[in-house]
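Coordinates in review
Read off the chains here:
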Protein chains: 2
Amino acid sequence: MGHRRMKPVRAPRRKPGSRVHSELAAGIGRRILDGTYPPGSLLPNEAEWGLMFGASRTAVREAIRTLNGKGLLVSRPKIGSRVEPRERWNLLDRDVMAWHRAALDERTFLLSLQEIRRILEPGAAVLAAARRSPAQLAALERAFADMQSAEISSEAMVEADVRFHLALLAAANNELLVPFGIVIEQALASMFAYTTSHAVHPEQLLPLHAAVVRAIASQSPEAARKAVTALLDDTDETLVAAVEA
Amino acid sequence: MGHRRMKPVRAPRRKPGSRVHSELAAGIGRRILDGTYPPGSLLPNEAEWGLMFGASRTAVREAIRTLNGKGLLVSRPKIGSRVEPRERWNLLDRDVMAWHRAALDERTFLLSLQEIRRILEPGAAVLAAARRSPAQLAALERAFADMQSAEISSEAMVEADVRFHLALLAAANNELLVPFGIVIEQALASMFAYTTSHAVHPEQLLPLHAAVVRAIASQSPEAARKAVTALLDDTDETLVAAVEA
DNA sequence: CGGGTTAGTTTTGTAGGATAAAAGCCGGAG
DNA sequence: CTCCGGCTTTTATCCTACAAAACTAACCCG
């Protein structure tokens, strides 16, 4: 048969973040996250934003609607848009977290993140060992295999590593664990690009992951907990070294 | 003293959820969460939604912008709005979670939630015992005092209880733990309204909380972990009983 | 003089229309 | 058969107008 033509792949396809309302949402969002407009304060009105960004009121309104949905603002007629108290912000939202990190100390953030992993992942491993389905185990093994075949500290390695940890959380069969994990691993992925080349014991990465796979495969909760903890200890070392550098 | 007239208190002040675009966002959001429009499927276009809900295209667009920000959709010219794969949904978002729960089995959800607490809170207690500031301890004690003075299974009790657990997480001094906790406790609060009257050991509620306060006050990480675990064991009992009923 | 009501004003909310830009579709030229 | 250009659908942006909310202040009336 003829080699049916692949998709054109004229891949420029700039991401949907380049839209005017997205720019506005990001611009306003960042100003809130960095404290330019603190909680309780009143934002410029829609017309003023329009002038500032050279955009129409419609675009401004759509941006504000986005921020509204993320819990950063509430708007009321005649009052305007007021910044919500911090505890109502959806800090776990992808965009909000990105704006937050842009305005924040990187090291503190990463250490906080790793601390959460140390709490969450061993517990998830225990559940996963007890409850993983064969398909979930297969997904974990697949991620591990991809790590084995990827070059050290390549992008493919980071991707497979993230997928590995997500597969672990998914195997715990807890509906809420996966969303939590997505938040964490996504944030970690963006920083691995930074620290992946600084691994203290790069040769131990695969054996440590292999131990996790074995424990989950043999359905041994305690072994799984220990294997994941060892893995996190190693990541800790790398992180601490990277942060101090 | 003259009873100075209180604020007019014409308190109807219906929440901002009653706006047209919010109704639309909820209507469309629910249809996505309940599977009417599964991931990958194409939604009706903006004009059609407008007809369905009797709203203008402007309102529809603002609703879609909200859902866009929550990761449920992506929109492209000429294509329309396509439902994103589930792993991109912000399931930890207040609204998304509400729409989700409306379409979901309540029991599974609550058990998942409690399982997460069992993983997260003991770890947080350890950190809190080691790092809590005097002010954070004071906040914890205040919440506990409010629990003591509240009537059993009253609304005030639930509120103080939630505040207690959030104070505990805040005392861990981890930036990310608080957002996680807010998600969890908020969801729990809405269900406590259901189960608060079914407490198996209502008389143990205060002593169990008191033990946590003591451990955090004396900065004993292991004692804190044990106290929180005991507290969660008790909640488990109540939950299991409520679910089976 | 006091108190409540009403008119006015500002800002968001909703509506509706007009263009622009994206991207798939199809037909025609070579 | 391939590539290119025009057609078409749908979102993206802009604009204008009016409605509704909520604060301000003036005003009426006892």
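As the structure is a computational prediction, the values presented were derived from the model and not from experiment.

Here's the deal with the overall build of chain A
When helices and strands are tallied, chain A shows 10 helices and 2 strands. When the elements of chain A are put in sequence order from the N terminus, they spell out α-α-α-β-β-α-α-α-α-α-α-α. Expressed as a percentage of its 245 residues, the buried residues of chain A come to 39%. Looking at chain A alone, contacts between residues at least 24 apart form 67% of all its contacts between residues at least 6 apart.

Let's talk about unusual backbone geometry
Look at K78 of chain A: it is not a glycine, yet its phi comes out positive at around 70°. Residue placement: K78 of chain A occurs in the loop between strand 1 (73–76) and strand 2 (80–83). Looking at K78 of chain A, the number of C-beta atoms within 10 Å reads 4, which means it is exposed. With a phi angle near 55°, Q219 of chain B is a residue other than glycine that sits in the positive phi range. Positionally, Q219 of chain B belongs in the loop between helix 9 (205–217) and helix 10 (221–244). Judged by C-beta crowding, with 14 C-beta atoms within 10 Å, Q219 of chain B ranks as partly exposed.

Overview of the relation of the copies chain B and chain A
Once turned by 180° and shifted 0.0 Å along the axis, chain B lies on chain A with an RMSD of 0.1 Å. The two molecules are tied by a two-fold rotation axis, judged by turn and shift. Nearest to the rotation axis, the C-alpha of T66 of chain B is located 2.5 Å from it, this being the minimum over chain B. A symmetric contact is evident, with 100% of the interface residues of chain B recurring at the interface of chain A.

What to know about the interface of chain B and chain A
Residue-level contacts link 32 residues of chain B with 32 residues of chain A. At the level of secondary structure, the elements contributing two or more residues to the side of chain B that touches chain A comprise helix 3 (57–69), helix 5 (106–131) and helix 8 (177–195) of chain B. The greatest single-element share of the side of chain B that touches chain A, amounting to 9 residues, is contributed by helix 5 of chain B.

Focus on the protein's contact with DNA strand C
In the vicinity of DNA strand C, 22 residues are found, and the nearest of them are N45 and K78 of chain A together with V20, S56 and K78 of chain B. Taken together, the elements giving at least two residues each to the surface near DNA strand C come down to strand 1 and strand 2 of chain A together with helix 1 (20–33) and helix 3 of chain B. The greatest single-element share of the surface near DNA strand C, amounting to 3 residues, is contributed by helix 3 of chain B. Across the surface near DNA strand C, the residue classes break down as 6 nonpolar, 7 polar and 9 charged.

Here we look at the protein's contact with DNA strand D
Every one of the 22 residues lining DNA strand D counts as a neighbour, but V20, S56 and K78 of chain A together with N45 and K78 of chain B are closest to it. Sorting the residues of the surface near DNA strand D by element identifies helix 1 (20–33) and helix 3 (57–69) of chain A together with strand 1 (73–76) and strand 2 (80–83) of chain B as the ones contributing at least two each. In terms of residue count, helix 3 of chain A provides more of the surface near DNA strand D than any other element does, 3 residues in total. Counted by class, the surface near DNA strand D contains 6 nonpolar, 7 polar and 9 charged residues.

Things to note about the pairing of strand 2 of chain B
When strand 1 of chain B meets strand 2 of chain B, the two strands line up antiparallel, connected through 4 bridges. Each residue of the ladder has a partner; that of V74 of chain B, found in strand 2 of chain B, is R82 of chain B.

Comments concerning the nonpolar core
A128, L168 and A224 of chain A together with A128 and A224 of chain B are the most contacted members of the largest nonpolar core, which totals 123 residues. If one sorts the elements of this core by residue count, helix 7 (residues 155–171) of chain A sits on top with 11 residues.

As for the environment of V200 of chain A
Along the chain, V200 of chain A turns up in the loop between helix 8 (177–195) and helix 9 (205–217). On a C-alpha basis, the gap between V200 of chain A and H21 of chain A in space is 43 Å, while along the polypeptide they are 179 residues apart.

Notes on the packing of helix 5 (residues 106–131) of chain A against helix 7 of chain A
All names here are of chain A. As a packed pair, helix 5 and helix 7 sit with axes 7 Å apart at the nearest point and diverge in direction by 55°. One finds that helix 5 runs oblique with respect to helix 7. Two packed elements cross with a definite hand, and for helix 5 against helix 7 that hand is left-handed. Of the residues in helix 7, those in contact with E121, A124, A125 and A128 of helix 5 are L168, L169 and A171. For the contact of helix 5 with helix 7, the per-class residue count stands at 6 nonpolar, no polar and 1 charged.

Examining helix 6 (residues 134–149) of chain A
Residues and elements named next belong to chain A. Spanning 16 residues, helix 6 covers 22 Å between terminal C-alpha atoms, matching the ideal 22 Å at 1.5 Å per step. Every buried residue belonging to helix 6 is among L140, A143, F144 and M147, and all of these are buried. All buried residues of helix 6 fall inside an arc of 95° around its axis, so they share one side. Along helix 6, the residues that are exposed and aim more than 90 degrees away from the buried face are P134, A135, A138, A145, Q148 and S149. Buried residues along helix 6 sit against helix 7 and helix 9.

Quick notes on the environment of V20 of chain A
Residues and elements named next belong to chain A. When you line up the elements, V20 lands in helix 1. Sequence separation of V20 and Q204 is 184 residues, and the distance between their C-alpha atoms is 46 Å. Sequence-distant contacts of V20, defined by excluding residues within four places in its chain, comprise A55 and A59.

Some details on the packing of helix 2 (residues 46–53) of chain B against helix 3 of chain B
Residue and element names in this part refer to chain B. The interhelical angle for the contact between helix 2 and helix 3, taken along N-to-C directions, is 110°, at an axis separation of 9 Å. Classified by the angle their axes make, helix 2 and helix 3 are roughly perpendicular. Along the contact surface, helix 2 presents E46, A47, W49 and G50, while helix 3 presents R57, V60 and R61. The residue inventory of the contact of helix 2 with helix 3, partitioned by class, reads 3 nonpolar, 1 polar and 3 charged.

Topic: the confidence of the model for chain A
Mean pLDDT over chain A stands at 89; residues scoring 70 or higher make up 89%. This stretch, residues 1–13 of chain A, has a pLDDT under 50; its non-local contacts, to residues over four places away or in other chains, come to 0 contacts.

Reading the values: the criteria
Residues numbered from 1 in each chain as written. Chains lettered and ligands numbered in written order. Predicted model: local features only at pLDDT ≥ 70, side-chain atom pairs only at ≥ 80, totals over all residues. Helix = DSSP H or I, 4+ residues; strand = E, 2+ residues; numbered from the N terminus. Buried ≥ 20, exposed ≤ 12 C-beta atoms within 10 Å, placed from the backbone. Contact = placed C-beta atoms within 7 Å. Least-squares fit on C-alpha atoms with pLDDT ≥ 70 in both. Near = placed C-beta within 6 Å. Nonpolar A, V, L, I, M, F, W, Y, C, P; charged D, E, K, R; others polar. Pairing = 2+ DSSP bridges. Core = buried A, V, L, I, M, F, W, Y, C linked by C-beta atoms within 7 Å. Axes fitted to C-alpha atoms, helices over the stretch in contact; angles between N-to-C directions. Parallel < 35°, antiparallel > 145°, perpendicular 65-115°, else oblique. Left-handed = near helix turned anticlockwise from the far one by under 90°. Expected span 1.5 Å × (residues − 1). Arc of directions from axis to C-beta. pLDDT = per-residue confidence, 0-100.

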